[in-house]
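Fold and geometry: a report
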Amino acid sequence: MPPKATAPSRFLPLPPLDFQVLSVLASRELHGYAIVQAAAEALPGQPRLDVGSLYRIISRMLDDRLIREVKAPRGGPSDNRVRRYYTATDLGRAVARAEAQRLQALLASPVTLRLLETEG
Amino acid sequence: MTKLQVKVIVASIRLLPRSFRERFGSEMLSAYLDQRDAILSAARDSRSASWRHTLRTVAGLVRASLAIRFRERRREHPIPEYRNAPRGHPMRNFARDTRHAVRVLRTRPAFAIVAIITLALGIGANTAVFSVVNSVILAPLPYDEPEQLVRVYTAYPTNAKQFSTGLDLLDIREQVTAFASMGIVYNYREVGADLAMTDGPPRRIRVLPVSADYFPTLRVTPLLGRTFARDEERGDALVAVLSHELWNTHMARDPGVIGRSVELDGVRYEVVGVMRPTFADPLGSQPSVWIPQELRPGKPPAALALARGNNSRQNHYLSAIARLARGSSVAQAQAQVDALVRRLKAQYPRQYEQRRFRVASLHEDVVGDARTATYVLMGAAVLVLLIACLNVANLFLVRALAQLKETAIRTALGAARARLVAQRLTESLVVATAGGLVGSVIAYLGVKALLAVSPESLPRSEAVSFDLSLLGFAVIVTIVTGALFGAGPAVRASRVNASDAMNDSARGTTGGRGIRQLRSVLVTSQISMALMLLVGAGVLIRAFISEQRRDLGFSPAGVVTFEVHLSPMTYGEPARRVTFHRTYLERLRSLPGLTHASATSWLPANGEYHVWGYEYVSDNGEPKSESAQIRVVDGSFLSTFEVPLLHGRFFDESDRESTAQAAIISQSLAKKTHGEGTAVGKVFRTGDTTFTVIGVVGDVANDARGVDAKVVYLSHRQFASDRNWALTYAVKSSIPAQETIALARGELARLDPALVLYRPRTMESVLAVHHARDRFMLLLMATFGAIALTLAAVGVYGVLSYAVTQRRREIGVRIALGAQLTQVRASVLGEGLIVAAVGVAFGAIGALGLARVLRSLALGVNPHDPVVFAIATLVLGAVVLIAGYLPARRATRVNPLEVLQSD
């Protein structure tokens, strides 16, 4: 029995690395290195994930039920390396969306806009 | 290469917690390899890129490992949450704990009171002693930039702090550039003067002759008027600066006092300035008037007695205080005076053969040897505080035992150890704070009492006060104390196993055996510290007793002394002075109850004074030189002080102004020069006069604790023309001192109403001043020893009576099985004695170390004195026995039936 419905807001604000992982897993099922790769492609200029941080985040998000493990999809690499695939749960997607909205609201605020203007 | 990288990564993965490693380890390795493959295929300098990647990965793994482990720990040991209480802010916790502690302590007032009084004694003793350390030793002298102030001494191999000659000081003042300025002071002996009063007899006041630079060197300015100029450094410059006190009492605070005059010894001095009330002379005298010091070379006219100065290269009578020039050090100044003395030696080889100059920090000089004494006291006070802490720790341990069950339950219910310890610590802080408050009051009263008992015992004692920094000290001591006695029991008691605690108390046997052992250790330490204090006090007591018993070579019993100073205006003629003293002595002798009357230029056992050269021809015809102290006497000096006449005769009526100059020498001087029996009839020269030895008398001590002095006694009648000798009268009478003084004063007024009977004292109190510091030390050490003894007794009593309570069942069984009551008693007492014996053994080692320090204080007493050690041990043993006997007796009252039924 899941404890009780958890509000996405409980996880906000999301640490930047967590957001990278969760946002690339929101729409896809990926294994370890693929997550690093996808995050680097989708979110250029962000701090690069290292293996240690990645699995620490994966472990925590599994515990928090933000992501879950899925069966390996067909067409993946076929050597003898151990690869597990993960994707976001509904809660995880909701959290990622909430964080994105939070960031958007932050960007849209007049204070931030003024900062960006003066920079240009 | 790649193999090595993989090994490094595998090793790093091993750093992760096992559960995490098992879950994700191989996956992590795969991710690493995937990433490395990508880098190898993409990068041009693939080798270094793959190493960079490897190292970055290792760093990430280490970081992750730390983060995960920290997170796991937090999960296993969450920050405790009390039921019904939100996880508290530390300050809120503290406030709640404090309220709780006060509530708990109020339910057991006896415990709280004993603990608070014990701590108050320790904290009070420390604060009181620290107040002395603070104001006497640590506080700077009350002058601007006091660290620049130094004293300049003339030093000889036999006396490193000799006075200086006028010409030497003038050379130093002119030639030593390391001194910005130098003040010269005539304080060889106290200069007094009779201040003429408009209403009634004159008042005797202290006068300090100083050079013009004295005030500027100390950087003090007058409240009114000016100080002295260089061209006034002469005895006939009749100008004076008044102290604020004298301006207040004698001049009624007249703002127009400048230009008015005061009459000192019949001479009118023009008032040119008034000092500020805050100014005090650094060398300890509290003058009422400052006048210029004669600094011209040569002997001044005899009439100017007040500012007399015989400035040669031989007459050592002046002191100097200098201010270092900015950027100069004591060492630089020393180097310059060394260079000066070398130049002088080249000029006057004989006189400067052994003469040196010495520059010493003024603060160092004023504080001097009080430093060791004060630090010994501080150490003793800290020992008392430690003993007090141990005692209270012991009390808290007893409580911890009583609360074992409560602690166990709370731990079992999930209370965090940190919170339990914090609560106990708060309790001890509350007790310490109360102890600190009471202790501050004790310290305040204690300081007042100490200064009242022994005002002369400390330099700068006028500066001892109770201020904010002391309160700060008390607060710090309190907190440290609270932590000291609180932490041990708190940590120890929180480390209980719940089920053990429950079973233990249920069975009613020796609960918390570890705690009991800890208590024994505490009491052992207490006893060893108490022994150290007792031995310390004992060594001082012995030193004091032997000093009191020391044969001074004379008897002070029944002798009353006072000074009579003759004004140079009225008594300028030597013959008038001789007549006055002879007449007054004659009248004193006729007073009822007075058996002997005499006068001397310096009292015996009052320190070194008037050390003159003693030139003689030895028995084999060689001219030789000794040094001896000159005493000019009148009347029956020997019988007043009961000094024995060994050979020859004493002065009598046949020794007149016109007959040959006669002298009497002390036994040690006779032995040194011609031999005791053969000295009579020999001649010697001193002070440009030839004398014939007419008698040899017994030695008298140089000071109250010192060695015999080599003394030459001269007859005032024959030697009055040398100078206006200030004579101190010594009379022996069978009536109380106060009545003797009243009679003597009346007779003086009849003879010359303008004269003052100055400083009347009994000879015993003259000596007591020299014992004052020793008595002060002794009193404090004895007090500390007594406190330590009491606390140790309380400790032993506490441990043994608790042990008896714990062993009730065992004792009951033994009594039921027919054990003798004496055996039971012995077994309880034995436990106490073992604790005491171990304590004494450690204490003896500590006392040996302490004794090393005491050696410097207790002159002439063996600090390893076996008698002292034995007595201290016996006293301590007796106290332990008494403290242990009460619980032992209670043990024999155990009723076996009751005990066995109670389970």
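What you are looking at is a predicted structure, and each value in this text was computed from that prediction instead of being measured.

**Focus: the overall build of chain A**
Along the backbone of chain A there are five helices and two strands. Along chain A, helices (α) and strands (β) appear in the sequence α-α-α-β-β-α-α when read from the amino end. Across the 120 residues in chain A, those meeting the buried criterion constitute 39%. Within chain A, contacts between residues separated by at least 24 positions form 57% of all contacts whose residues are at least 6 apart in sequence. Total accessible area computed for chain A in this model is approximately 7300 Å², and 54% of it derives from carbon and sulfur atoms.

**Description of the interface of chain B and chain A**
With 23 residues of chain B in contact, the opposing surface of chain A contributes 22 residues. Of the roughly 2000 Å² buried at the junction of chain B and chain A (both faces included), carbon and sulfur atoms supply 54%. Contact with chain A buries surface across chain B, with B:Glu27, B:Asp34 and B:Gln35 losing the most and accounting together for 29% of the total. In this structure, the connection of chain B to chain A is made through six salt bridges.

**Let's talk about the nonpolar core**
Residue and element names in this part refer to chain B. Among the nonpolar cores identified, the biggest contains 64 residues, and Ile-527, Leu-533, Val-535, Phe-784 and Leu-876 are the most heavily contacted of them. Of all the secondary structure elements, the ones that give two or more residues to this core are helix 5 (109-138), helix 11 (370-402), helix 14 (468-494), helix 16 (513-549), helix 22 (763-806), helix 24 (821-855) and helix 25 (866-892). Leaving out residues up to four positions away in the same chain, Val-535 has contacts with Ala-847, Val-868, Phe-869 and Ala-872. By size, the runner-up hydrophobic cluster in this structure holds 48 residues, among which are Val-150, Met-251, Val-267 and Leu-344.

**Considerations on the confidence of the model for chain B**
All names here are of chain B. Mean pLDDT for chain B: 82, with 88% of residues reaching 70 or above. Taken together, the stretch residues 81-86 has pLDDT below 50 and engages in six contacts with residues farther than four places along the chain or on a different chain. Under the prediction, the complex receives an ipTM of 0.86, its pTM being 0.60.

**Thoughts on the packing of helix 3 (residues 51-63) of chain A against helix 2 (residues 18-42) of chain B**
One can describe the packing of helix 3 of chain A onto helix 2 of chain B by two numbers: an axis separation of 10 Å at closest approach and a directional angle of 135°. With respect to helix 2 of chain B, the axis of helix 3 of chain A lies oblique. Where helix 3 of chain A crosses over helix 2 of chain B, the handedness of that crossing is right-handed. Taken together, the residues of helix 2 of chain B that come into contact with helix 3 of chain A (itself represented by A:Val51, A:Gly52, A:Tyr55, A:Arg56, A:Ile58, A:Ser59, A:Leu62 and A:Asp63) are B:Phe20, B:Arg23, B:Phe24, B:Glu27, B:Met28, B:Ala31, B:Tyr32 and B:Gln35. A breakdown of the residues in the contact of helix 3 of chain A with helix 2 of chain B according to their chemical character gives nine nonpolar, three polar and four charged.

**Quick look at helix 1 (residues 2-13) of chain B**
Residue and element names in this part refer to chain B. With 12 residues, helix 1 extends 16 Å from end C-alpha to end C-alpha; this agrees with the ideal 16 Å at 1.5 Å per step. Burial in helix 1 covers these residues: Gln-5, Ile-9, Ser-12 and Ile-13. Along the axis of helix 1, the buried positions cluster into a sector of 100°, meaning they face one direction only. Those residues of helix 1 that are exposed and angled more than 90 degrees off the buried face are Lys-3 and Lys-7.

Cut-offs used in this document
Residues numbered from 1 in each chain as written. Chains lettered and ligands numbered in written order. Predicted model: local features only at pLDDT ≥ 70, side-chain atom pairs only at ≥ 80, totals over all residues. Heavy atoms only, no water. Helix = DSSP H or I, 4+ residues; strand = E, 2+ residues; numbered from the N terminus. Buried < 20%, exposed > 50% of the residue type's maximum accessible area, 1.4 Å probe, protein only. Contact = heavy atoms within 4.5 Å. Areas by Shrake-Rupley, 256 points an atom, 1.4 Å probe, with all protein chains shown as cover. Buried area = accessible area lost by both parts, 1.4 Å probe. Salt bridge = Lys/Arg side-chain N within 4 Å of Asp/Glu carboxyl O. Core = buried A, V, L, I, M, F, W, Y, C linked by side-chain atoms within 4.5 Å. pLDDT = per-residue confidence, 0-100. Axes fitted to C-alpha atoms, helices over the stretch in contact; angles between N-to-C directions. Parallel < 35°, antiparallel > 145°, perpendicular 65-115°, else oblique. Left-handed = near helix turned anticlockwise from the far one by under 90°. Nonpolar A, V, L, I, M, F, W, Y, C, P; charged D, E, K, R; others polar. Expected span 1.5 Å × (residues − 1). Arc of directions from axis to C-beta.

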